[in-house]
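Residue-level listing of the chains:
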Amino acid sequence: MQHLPDALLRTVEAVDGADTPLRLGALEDVLGYHVAQAAVVTGTSFMRHVGEPLALRKVEYSLLMLLLANGPQSPKRLGQALALSAPNLTLLLDRLQVRGLIRRERSQTDRRSHNIVLTADGLALAERGAAAVEAMEAEVTDRLSRAERLMLIELLRKVSGK
């Protein structure tokens with residue numbers, strides 16, 4: 001096993017509750033590991049504050065938030081923003097349409113294409129979701145200052161190429 005200086009030997013609790021914590025070793029400097037650990041925390045908080053109360057998956061919530069912020073959008077733009085393939089986007093849109101949250105309507109500028117539009121029920125749910133996210137964000141970022149939170153968002157945008 002690689003010997004690391006004590007300053008780099010951050011630890012995590014052992015799953016079995018053993019007194020000896022696990023050393024992260026090479027994971028200490030692996031960005032993907034830390035992003036995955038943060039995703040567990042943010043995902044759990046999302047489910048508690050938004051997902052379960054509103055019966056929404058993260059991608060469904062994200063699509064509703066995009067429509068709430070931008071108004072009607074083409075499926076292509078939504079798919080690009082969410083990094084979804086066309087087949088996966090179609091399944092997502094079909095699910096939301098069956099629930100009565102969105103509808104497809106012809107574009108006013110290009111009659112050959114469609115836009116995705118929030119229905120009245122979709123708008124109401126999106127507004128509830130936007131309000132619910134405040135409690136989630138407070139729970140997740142309570143250990144960060146405002147400046148640290150903004151820096152983290154900026155750095156994650158860089159990593160994701162946005």
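Refer to the structure above for everything that follows.
Remember, predicted model here, so these are calculated numbers, not experimental data. (Residues numbered from 1 in each chain as written. Predicted model: local features only at pLDDT ≥ 70, side-chain atom pairs only at ≥ 80, totals over all residues. Heavy atoms only, no water.)

**As for the overall build of the protein chain**
Step number 1: When its secondary structure is counted, the protein chain shows six helices and four strands.
Step number 2: Listing every helix and strand of the protein chain by position from the N terminus yields β-β-α-α-α-α-β-β-α-α.
Step number 3: By residue count, 28% of the 162 residues in the protein chain fall in the buried class.
Step number 4: The long-range fraction of contacts in the protein chain, counting pairs at least 24 apart against all pairs at least 6 apart in sequence, stands at 45%.
Step number 5: Of the roughly 11,100 Å² of accessible surface on the protein chain, a fraction of 57% belongs to carbon and sulfur atoms. (Helix = DSSP H or I, 4+ residues; strand = E, 2+ residues; numbered from the N terminus. Buried < 20%, exposed > 50% of the residue type's maximum accessible area, 1.4 Å probe, protein only. Contact = heavy atoms within 4.5 Å. Areas by Shrake-Rupley, 256 points an atom, 1.4 Å probe, with all protein chains shown as cover.)

**Some thoughts on the nonpolar core**
Step number 1: Ranked by internal contacts, the top residues of the largest apolar core, which has 25 residues, are Tyr61, Leu63, Leu64, Leu67 and Ile102.
Step number 2: Sorting the residues of this core by element identifies α1 (31-54), α2 (58-70), α3 (75-82), α4 (86-98), β4 (114-118) and α5 (120-140) as the ones contributing at least two each.
Step number 3: Beyond its immediate chain neighbours, meaning those up to four positions away, Leu67 contacts Gln73, Leu78, Ile102, Ile116 and Leu118. (Core = buried A, V, L, I, M, F, W, Y, C linked by side-chain atoms within 4.5 Å.)

**Focus: the packing of α2 against α5**
Step number 1: The geometry of α2 relative to α5 is characterised by a closest axis approach of 9 Å and an angle of 105° between their N-to-C directions. By the criterion of interaxial angle, the relationship of α2 to α5 is roughly perpendicular. Contacts from Tyr61, Leu64, Met65 and Leu68 of α2 reach α5 at Leu123, Leu125, Ala126, Glu127, Gly129, Ala130 and Val133.
Step number 2: Residues belonging to the contact of α2 with α5 are distributed by class as follows: nine nonpolar, one polar and one charged. (Axes fitted to C-alpha atoms, helices over the stretch in contact; angles between N-to-C directions. Parallel < 35°, antiparallel > 145°, perpendicular 65-115°, else oblique. Nonpolar A, V, L, I, M, F, W, Y, C, P; charged D, E, K, R; others polar.)

**A word on the side chain of Glu60**
Step number 1: Take Glu60: it is sitting in helix α2.
Step number 2: Note on Glu60: relative accessible area 4%, which makes it buried.
Step number 3: Of note is the side chain of Glu60, whose polar atom sits 2.8 Å from the backbone nitrogen of Arg57.
Step number 4: Setting aside residues up to four positions removed in sequence, Glu60 forms contacts with Ala55, Leu92, Arg95, Leu96 and Arg99. (Polar contact = N/O pair within 3.5 Å; in protein donor to acceptor, adjacent residues only side chain to side chain.)

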